[in-house]
Each structure stands twice: as C-alpha cells, then as structure tokens.
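Spelled out from the first residue to the last, the chains are:
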Amino acid sequence: MARTSISRTVVKTICEVKIVDKNNDINEATIVVFGDYDIDGAQRAVRKKLKNERVLVESIKHESFYGTMTLEDFANNCTKKNRKEW
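These figures come from a predicted structure and were not determined experimentally.

(A) Focus on the overall build of the protein. Of the regular secondary structure elements, the protein holds two helices and three strands. The order of α-helices and β-strands along the protein, N terminus first, is β-β-α-β-α. On C-alpha atoms alone, the protein measures out to a radius of gyration of 18 Å, which is more than a quarter above the 12 Å that the 2.2 N^0.38 rule sets for 86 residues. Its C-alpha atoms give the protein principal-axis dimensions of about 60 × 25 × 20 Å. Relative to all contacts within the protein whose residues are 6 or more apart in sequence, the contacts with residues 24 or more apart total 56%. On the protein, roughly 7300 Å² of surface is accessible, and the fraction owed to carbon and sulfur atoms is 50%. Considering the protein, the positive charge centre built from 16 side chains and the negative charge centre built from 13 side chains are found 7 Å apart.

As structure tokens, then:
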C-alpha cells in the first residue's frame, strides 16, 4: 500500500542570547534554531543565522513535536532540489 503522508520529529533549540551591535550596545534576545544543539553548537547556529559573530548564547532549552503532512502538500510546498521525469 502506498504511503499518503510524511512525518518527522522536529526539535527546536530556544536560545537566550546577548548581541553586541555596531554601536557596541548589548541587546538581549530569544532566538530559535531548528535542531538539537548543545550550547556551543547553538552559538554557532545563532551566529550563522544572524550573520553576526558578536553573539553570546547564555542558555538554551529544547522543544520538540511530531509533525505530519500529506505527500501532496509536501510536494507542493517543499523546496525542490532536482527534478527528474521519465
């Protein structure tokens, strides 16, 4: 029998961060990155997401959920990398 849906567990790492801006002011923020990161990995991911090396991740917490969608919705909404016809 053909599968009609696609499912996946999604993990979010919620980071409490301090960001130093161009004026050397320190701002606090909550930044979410997708994946199960430790604090060092979260810091790299947040720096990459913000395109700013002047970020300090002070603490993290994790949330996860199990998501599902129909294959039709997935095919219509996903980013397509390679397309083949036969």
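(B) Looking closely at the sheet that holds strand E2 (residues 26-34). The strand order across the open sheet formed by three strands is E2-E1-E3, and the pairing between neighbours is antiparallel. Two strands bound the open sheet, and with one partner strand each, they are E2 and strand E3 (55-70). Across this sheet, the average inter-strand angle for adjacent strands is 15 degrees, counted without regard to direction. Of the pairings in the sheet, the one linking strand E1 (residues 5-20) to E2 comprises nine bridges and is antiparallel in character. Bridged to Lys 12 within E2 is Phe 34.

(C) The side chain of Thr 13, seen in detail. Along the chain, the position of Thr 13 falls in strand E1. On the basis of relative accessible area, Thr 13 is assigned to the buried category, the value being 0%. Looking at Thr 13, its side chain comes within polar contact range of the main-chain nitrogen of Tyr 37, at 3.2 Å. Among all residues touching Thr 13, those that are not within four sequence positions of it are Ile 31, Val 32, Val 33, Gly 35, Asp 36, Tyr 37, Ala 42, Ile 60, Lys 61 and His 62.

(D) Examining the layout of surface pockets more closely. Taken as a whole, the largest pocket holds about 150 Å³ of empty space. Taken together, Ile 6, Ser 7, Arg 8, Val 10, Gly 67, Thr 68, Met 69 and Phe 74 form the lining of the largest pocket. The biggest single contributor to the lining of the largest pocket is E1, with four residues. Residue composition of the lining of the largest pocket, by class: four nonpolar, three polar and one charged.

Rules and cut-offs
- Residues numbered from 1 in each chain as written.
- Predicted model: local features only at pLDDT ≥ 70, side-chain atom pairs only at ≥ 80, totals over all residues.
- Heavy atoms only, no water.
- Helix = DSSP H or I, 4+ residues; strand = E, 2+ residues; numbered from the N terminus.
- Rg over C-alpha atoms; globule rule 2.2 N^0.38 Å.
- Contact = heavy atoms within 4.5 Å.
- Areas by Shrake-Rupley, 256 points an atom, 1.4 Å probe, with all protein chains shown as cover.
- Lys, Arg positive; Asp, Glu negative; His and termini not counted.
- Charge placed at Lys NZ, Arg CZ, Asp CG, Glu CD.
- Pairing = 2+ DSSP bridges.
- Axes fitted to C-alpha atoms, helices over the stretch in contact; angles between N-to-C directions.
- Buried < 20%, exposed > 50% of the residue type's maximum accessible area, 1.4 Å probe, protein only.
- Polar contact = N/O pair within 3.5 Å; in protein donor to acceptor, adjacent residues only side chain to side chain.
- 1 Å grid on protein atoms, 1.4 Å probe; cavity = no way out; pocket = protein on both sides within 12 Å on 5 of 7 lines; lining within 4 Å.
- Points joined across faces, edges and corners; volume = space filled by probe spheres on them.
- Nonpolar A, V, L, I, M, F, W, Y, C, P; charged D, E, K, R; others polar.

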